Amino acid sequence: MYDVNDLPALPVYEWDRAKKRAFLDAELSDLTDWHAARCSQYARMRDAWPARGEGFEALPFLPVRLFKELTLRSVPEEALHRTMTSSGTTGQQVSRIYLDRETSALQSKVLSRIMGEFLGKQRLPMIILDTSAVIKNRAMFSARGAGILGFGMFARDKVFALDEHMALDREGLEAFLKKHEGEDIFLFGFTFMIWQHFVARLRETGYHPDLSRGVLVHGGGWKKLADQHISTERFKRELQETCGLTRVHNYYGMVEQTGTIYMECEHGHLHAPVWSDVTIRRPGDFSVADVGETGLIQVSSVLPRSYPGHVLLTEDEGRILGEDDCPCGRKGKYFEILGRVKRAEVRGCSDTYEQK
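Bear in mind that the values here come from a model prediction, so they are computed numbers and not experimental data.

Draft legend 1. Local environment of the overall build of the protein chain. On a plain count of helices and strands, the protein chain comes out with ten helices and 14 strands. Relative to its length of 356 residues, the protein chain is compact, with a C-alpha radius of gyration of 20 Å against a globular reference of 21 Å. Seen through its C-alpha atoms, the protein chain measures out along the principal axes to roughly 60 × 45 × 40 Å. Counting all 356 residues of the protein chain, 52% fall into the buried class. Excluding contacts between residues fewer than 6 apart, the proportion of contacts in the protein chain whose partners are at least 24 apart in sequence is 71%. Carbon and sulfur atoms make up 47% of the accessible area of the protein chain, which totals about 15,900 Å². Between the centroid of the 47 positive side chains of the protein chain and the centroid of its 50 negative side chains there is a distance of 2 Å.

This is how it looks when you write it as structure tokens:
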């Protein structure tokens, strides 16, 4: 396997299909053996796996739901640095992801490389389109709080746009914008929260802050917007009309593979960076689907070292749109998310927030 100190230095979107596939075939195969030698539960699953061909797509994939039901880790308990939990509605089990210091540091470095492609190398003033209560209240702290803290490392100054009652903090926002007048601004939030508590408040109050120099990164909560028949196009149009935001990037990611995120490019496509890949599987027999064919999303990542989360089958549906030929110029697969599979648990970040 690559040394963990060498992995963050890889080019983010520059390797073509042949070079990236050779890298992933070798790394993910070695990681499978690594985890099987250190996690007995994973070893039993690996040994029972039927032969499926060659390459990393033939490796055993774990349903993400297993992390709700089993304790899966590849390091001794005394080596644990942090335990991450997924978001969930009241009464749901949550995924538990066990990180040692090495894996945690690797995830942070890779996330920094990915974000650098969209934000640049300098830290920016940051507006968090949420409330500070989400990181102060431990009962609320899971994937949502972790997301705020994780993306917060790209900021040199921060302000929360909402108060503890989820109301717009206009005074605080205006002071922050005046302080950083003429500068680029990094904005972060969860999609449904942005729609319900930021865009809606701007419409209601008629307050239109100038965020034309802003770059918004957002994710999660699309199910609620889809239920309200709010498209990606309308979401972006409303942001432009209410505050001048034009640089808006959705991302796809999950706590089970923290650090590995799939960013939306300028043409609206989600991209797999060099450290990870997306495979679409047919729900009938789990065979690999063709480009353009809808199926279950499998995510593969070379980052998980302290737990066997390197090849996972999600509960999301999507399709591959192409590879190495996106108009944005980035190499690798690009794809779209079509939603949750039917009868899957509602989960994740802003999906779990309910208006009190």
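So, next bit.
Draft legend 2. Up close: the pairing of strand β6 (residues 185-190). Counting buried positions along β6 gives six out of six residues, so the element sits mostly inside the fold. Burial of β6 is two-sided: the residues Ile-185, Leu-187 and Gly-189 facing one way and the residues Phe-186, Phe-188 and Phe-190 facing the other way are all buried. Bridge count for strand β4 (residues 124-131) against β6 is three bridges, and the pairing is parallel. The partner of Met-126 across the bridge, within β6, is Phe-186. Strand direction decides the pairing type here: β6 and strand β7 (residues 214-219), joined by six bridges, are parallel. In the sheet register, Phe-186 faces β7, and the bridge partner there is Val-215. In the classification by handedness, the crossover that spans β6, the intervening helix α8 (residues 191-205) and the parallel β7 is right-handed.

Draft legend 3. Main features of the side chain of Asp-316. Checked against the element boundaries, Asp-316 lands in strand β13 (residues 311-323). Since its relative accessible area comes to 10%, Asp-316 is described here as buried. In terms of polar contacts, Asp-316 uses its side chain to reach the side chain of Tyr-252, at 2.6 Å. Within the structure, the side chain of Asp-316 is placed 2.9 Å from the side chain of Arg-340, a separation counted as a polar contact. Non-local contacts of Asp-316, meaning those with residues more than four positions away in its chain, are made with Tyr-252, Gly-295, Leu-296, Ile-297, Gly-339, Arg-340 and Val-341.

Draft legend 4. Quick look at the pattern of salt bridges. According to the stated counting rule, one finds 26 salt bridges in the structure shown. In this structure, Lys-179 and Asp-157 form a salt bridge, with 2.9 Å as the shortest nitrogen-oxygen distance. Here Lys-179, found in helix α7 (residues 170-179), pairs with Asp-157, found in strand β5 (residues 155-162); they are 22 residues apart in sequence, far enough to count as distant. Judged by relative accessible area, Asp-157 falls into the buried class, the value being 19%. The salt bridge involving Arg-247 is made with Asp-184; its shortest N-O contact spans 3.8 Å. With Arg-247 in strand β8 (residues 247-252) and Asp-184 in the loop between α7 and β6, the pair connects residues that are 63 residues apart, well separated along the chain.

Draft legend 5. Seen up close, the nonpolar core. Counting 74 residues, the largest nonpolar core has Met-115, Ile-127, Phe-151, Phe-186, Phe-198 and Trp-275 as the members making the most contacts within it. Apart from the residues within four sequence positions on either side, Trp-275 is in contact with Leu-7, Pro-8, Leu-10, Val-12, Leu-24, Val-110, Arg-113, Ile-114, Ser-300, Ser-301, Val-302 and Leu-303.

Draft legend 6. Expanded view of the side chain of His-35. Topologically, His-35 is positioned in helix α1 (residues 17-38). The contact partners of His-35, leaving out residues within four places of it in the chain, are Tyr-42, Ser-74, Pro-304, Arg-305, Ser-306, Tyr-307, Pro-308 and His-310.

Draft legend 7. Geometry of the packing of aromatic side chains. Considering all chains together, one arrives at 15 aromatic pairs under this definition. Centre to centre, the rings of Tyr-13 and Phe-118 are 6.4 Å apart; their planes meet at 85 degrees, and the pair counts as edge-to-face. Linking Tyr-13 in the segment before α1 with Phe-118 in helix α4 (residues 101-119), this pair joins segments that are 105 residues apart in sequence. As far as burial versus exposure is concerned, Tyr-13 and Phe-118 are alike and both buried. Arg-330 extends its terminal NZ or CZ atom over the ring of Tyr-13, reaching a point 5.7 Å from the ring centre.

Draft legend 8. Just the environment of Val-12, in detail. With respect to the secondary-structure elements, Val-12 resides in the segment before α1. The class of Val-12 is buried, set by a relative accessible area of 2%. With 222 residues separating them along the chain, Val-12 and Arg-234 place their C-alpha atoms 30 Å apart. For Val-12, the residues in contact, after removing those within four places along its chain, are Arg-113, Ile-114, Glu-117, Pro-273, Val-274 and Trp-275.

Draft legend 9. Structural context of unusual backbone geometry. Although it is not a glycine, Phe-286 adopts a positive phi angle of roughly 65 degrees. On the secondary structure map, Phe-286 appears in the loop between β11 (276-281) and β12 (295-301). On the accessibility criterion, Phe-286 (28% relative accessible area) is partly exposed. A positive phi angle is found at Asp-324, which is not glycine, with a value near 70 degrees.

What counts and what doesn't
Residues numbered from 1 in each chain as written. Predicted model: local features only at pLDDT ≥ 70, side-chain atom pairs only at ≥ 80, totals over all residues. Heavy atoms only, no water. Helix = DSSP H or I, 4+ residues; strand = E, 2+ residues; numbered from the N terminus. Rg over C-alpha atoms; globule rule 2.2 N^0.38 Å. Buried < 20%, exposed > 50% of the residue type's maximum accessible area, 1.4 Å probe, protein only. Contact = heavy atoms within 4.5 Å. Areas by Shrake-Rupley, 256 points an atom, 1.4 Å probe, with all protein chains shown as cover. Lys, Arg positive; Asp, Glu negative; His and termini not counted. Charge placed at Lys NZ, Arg CZ, Asp CG, Glu CD. Pairing = 2+ DSSP bridges. Right-handed = clockwise from strand over helix to strand, strands pointing away. Polar contact = N/O pair within 3.5 Å; in protein donor to acceptor, adjacent residues only side chain to side chain. Salt bridge = Lys/Arg side-chain N within 4 Å of Asp/Glu carboxyl O. Core = buried A, V, L, I, M, F, W, Y, C linked by side-chain atoms within 4.5 Å. Phe/Tyr/Trp six-rings, centres within 6.5 Å; stacked < 30°, edge-to-face > 60°. Lys NZ or Arg CZ within 6 Å of the ring centre and 35° of its normal.

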